[in-house]
Amino acid sequence: MAAPLADRPAERGGIEALVSLVADDMERVNSFILSRTGSDVTLIPEVASHLISSGGKRLRPMLTLAFSRLSDYEGDGGVRLAASVEFMHTATLLHDDVVDESDMRRGKLAARMLWGNEASVLVGDFLLGQAFKMMVEVGSLPALDVLASAAAIIAEGEVWQLSAAKDLSTDEQAYLGVITAKTAALFAAAAEVGPILGGLGERERQAARAYGNALGIAFQLVDDALDYGGVSELLGKNVGDDFREGKITLPVVLALQRADEAERAFWSRTLENGDIAESDLEIAVGILRRHGTLEATVARARHYGDIAVEALDAFPDSPLRRALIETVAFCIGRAY
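So, a few notes on the structure that sits alongside this text.

**A few points about the packing of helix H2 (residues 23-36) against helix H5 (residues 77-100)**
Running from N to C, H2 and H5 cross one another at 60 degrees; their axes reach a closest spacing of 9 Å. With respect to H5, the element H2 is oriented oblique. Of the two possible hands of crossing, H2 and H5 adopt the one that is right-handed. Residues Asp25, Arg28, Val29, Phe32, Ile33 and Arg36 of H2 lie in contact with H5, whose contacting residues are Val79, Arg80, Ala82, Ala83, Glu86 and Phe87. Residues that form the contact of H2 with H5 fall into these classes: 7 nonpolar, no polar and 5 charged.

Right, here's the structure in full:
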């Protein structure tokens with residue numbers, strides 16, 4: 001039996017270089033975020049701060065800052081849009097935890113467990129409103145269009161995932177469509193607004209967007225694999241959440257393609273019908289490992305990682321460009 005993914009040595013690559021290169025701007029982003037969570041309604045800063053201060057790599061806003069710098073943009077619009085991106089992401093996390101009935105987020109109790117579903121949804125709406133206010137303040141209609149379109153696509157992706165839950169007929173193409181919408185869309189938009197602010201042309205805009213989109217897909221595919229092959233303490237959430245929620249993720253899609261009658265009956269009982277016994281997660285992991293679908297999922301993540309790296313050819317070599325390449329390796333290396 002293969003070793004758990006999180007027990008294996010990490011691939012080379014990290015985000016330390018990217019973090020260092022955008023550190024000054026990220027400090028401003030963080031200050032901006034804190035200033036925009038204030039409200040006379042006490043519950044709003046309490047709920048927002050619980051999640052915002054709980055960690056997270058802030059990868060999406062770092063992409064906005066990185067591509068703004070790659071595009072030689074020197075104004076403060078990148079900081080505002082980076083904060084907007086983080087608020088959009090935080091809002092989707094608050095909403096997702098309600099939809100998925102999740103108990104943990106980033107190693108802490110989910111906000112809904114402390115303040116309830118209603119507060120989580122409404123504070124998420126507040127953060128989305130603040131995000132759009134900051135976008136308007138930047139004064140770039142093209143950037144506003146990109147981020148507003150992403151917000152709509154993310155919502156579509158979440159509904160699409162909800163409709164696909166427990167549906168064993170979901171194929172690989174459909175699942176990639178879901179994660180492109182619900183996860184990769186914000187990565188893509190976060191990167192694309194950089195060249196927009198810098199006044200670059202369509203080639204650079206599309207290259208930044210392609211990088212973000214491919215990185216976002218790779219990031220989600222690794223998450224899919226880690227949900228069955230990771231360690232809770234490292235993930236910041238419970239291993240097996242996707243399984244317990246009846247989500248048909250890529251490891252399961254690939255396993256279903258190779259399933260015998262008994263395995264298909266197992267997936268039908270657990271994922272379709274929600275009849276899950278205490279030992280069923282272990283059985284599910286055994287099936288996935290037997291068919292090699294965790295490794296196959298990570299292999300697909302590597303493919304999208306290669307696409308992301310290739311997209312950076314549109315930008316000249318620089319420490320920042322090399323840091324973005326290392327970031328791809330880091331996102332995929334989480335699986336090992």
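Read on, since the account is not over.
**Overview of the pattern of salt bridges**
In total, this model carries 19 salt bridges according to the counting rule given. Ionic pairing is found between aspartate 280 and arginine 269, a salt bridge with its closest N-O pair at 2.8 Å. Placement of the pair is aspartate 280 in helix H15 (residues 280-290) and arginine 269 in helix H14 (residues 261-272), with a sequence separation of 11 residues. Of the residues examined, aspartate 280 reaches a relative accessible area of 2% and is grouped as buried. Put simply, Arg36, Asp76, Arg80 and Glu137 are held in one network by salt bridges that share partners.

**A word on the side chain of aspartate 97**
Along the chain, the position of aspartate 97 falls in helix H5. Taking the relative accessible area as the measure of exposure, aspartate 97 reaches 4% and is therefore buried.

**Re helix H17 (residues 319-333)**
With 15 residues, H17 should reach 21 Å at 1.5 Å per residue; the first-to-last C-alpha distance of 21 Å fits that figure. Among the residues of H17, those classed as buried are Leu320, Arg321, Ala323, Leu324, Thr327, Val328, Phe330, Cys331, Ile332 and Gly333.

**Some thoughts on a nonpolar patch on the surface**
Together, Leu109, Met113 and Leu114 line one region of the surface with nonpolar side chains, adding up to about 260 Å² of accessible area. With respect to the helices and strands, the residue methionine 113 is situated in helix H6 (residues 111-115).

**What to know about the environment of valine 47**
In this fold, valine 47 is placed in helix H3 (residues 43-52). With relative accessibility at 0%, the residue valine 47 sits in the buried group. Valine 47 sits 86 residues away from lysine 133 along the chain, and the two C-alpha atoms are 20 Å apart. For valine 47, the residues in contact, after removing those within four places along its chain, are Leu94, Ala111, Trp115 and Val123.

**So, the packing of aromatic side chains**
A complete count under the given rule lists 7 aromatic pairs for this structure. Pairing phenylalanine 243 with tryptophan 267 gives two aromatic rings, centres 6.4 Å apart and planes at 75 degrees, and the pair type is edge-to-face. One end of the pair, phenylalanine 243, is in helix H12 (residues 241-244); the other, tryptophan 267, is in helix H14, and 24 residues separate them in sequence. Across the pair, tryptophan 267 and phenylalanine 243 agree in class, each one buried. What links up through ring pairs into an aromatic cluster is the set Tyr228, Phe243, Phe266 and Trp267. The positively charged end of arginine 334 is found above the aromatic ring belonging to phenylalanine 219, 3.9 Å away from the centroid.

Conventions used here
- All residue numbers refer to positions counted from 1 along the written sequence of the respective chain.
- Owing to the predicted nature of the model, reporting of local features is limited to residues with pLDDT of at least 70; listing and counting of side-chain atom pairs is limited to 80 or more, with chain, interface and lining totals taken over all residues.
- Think of the side-chain values as coming from all heavy atoms in the structure, minus any hydrogens and water.
- Axis definition: a line fitted to C-alpha atoms, over the contacting stretch in the case of helices. Angles run 0 to 180 degrees between N-to-C directions.
- Secondary structure counts use DSSP, requiring at least four H or I residues in a row for a helix and at least two E residues in a row for a strand, with both numbered from the N terminus.
- When describing relative orientation, an angle under 35 degrees is termed roughly parallel and one over 145 degrees roughly antiparallel, while 65 to 115 degrees is termed roughly perpendicular and anything else oblique.
- The hand of a helix crossing depends on one turn: near helix anticlockwise from the far one by less than a right angle means left-handed, and clockwise means right-handed.
- A contact between two residues is defined here by any heavy atoms of the two lying within 4.5 Å.
- Under the grouping applied here, Gly and all other residues not named as nonpolar or charged are polar, the nonpolar ones being Ala, Val, Leu, Ile, Met, Phe, Trp, Tyr, Cys and Pro and the charged ones Asp, Glu, Lys and Arg.
- Think of a salt bridge as a Lys or Arg side-chain nitrogen and an Asp or Glu carboxyl oxygen that are within 4 Å of each other.
- Any residue under 20% of the maximum accessible area for its type is buried, any over 50% is exposed, and the rest in between are partly exposed; the area is computed with a 1.4 Å probe on protein chains only.
- One less than the number of residues in a helix, times 1.5 Å, gives the span that helix is expected to have.
- Like-charged residues within 9 Å of one another, or nonpolar side chains (Val, Leu, Ile, Met, Phe, Trp, Tyr) within 5 Å, are grouped into patches, provided each residue has over 30% relative accessible area and no salt bridge.
- To measure how exposed things are, a 1.4 Å probe is used in the Shrake-Rupley method; for residues, cover is taken only from the protein chains shown.
- Each aromatic pair joins two rings of Phe, Tyr and Trp (for Trp, the six-membered one) with centres within 6.5 Å, and gets the label stacked for planes under 30 degrees apart, edge-to-face for over 60, and tilted for any other angle.
- Over a ring means this: the NZ of a Lys or the CZ of an Arg is within 6 Å of the ring centre and within 35 degrees of the ring normal.

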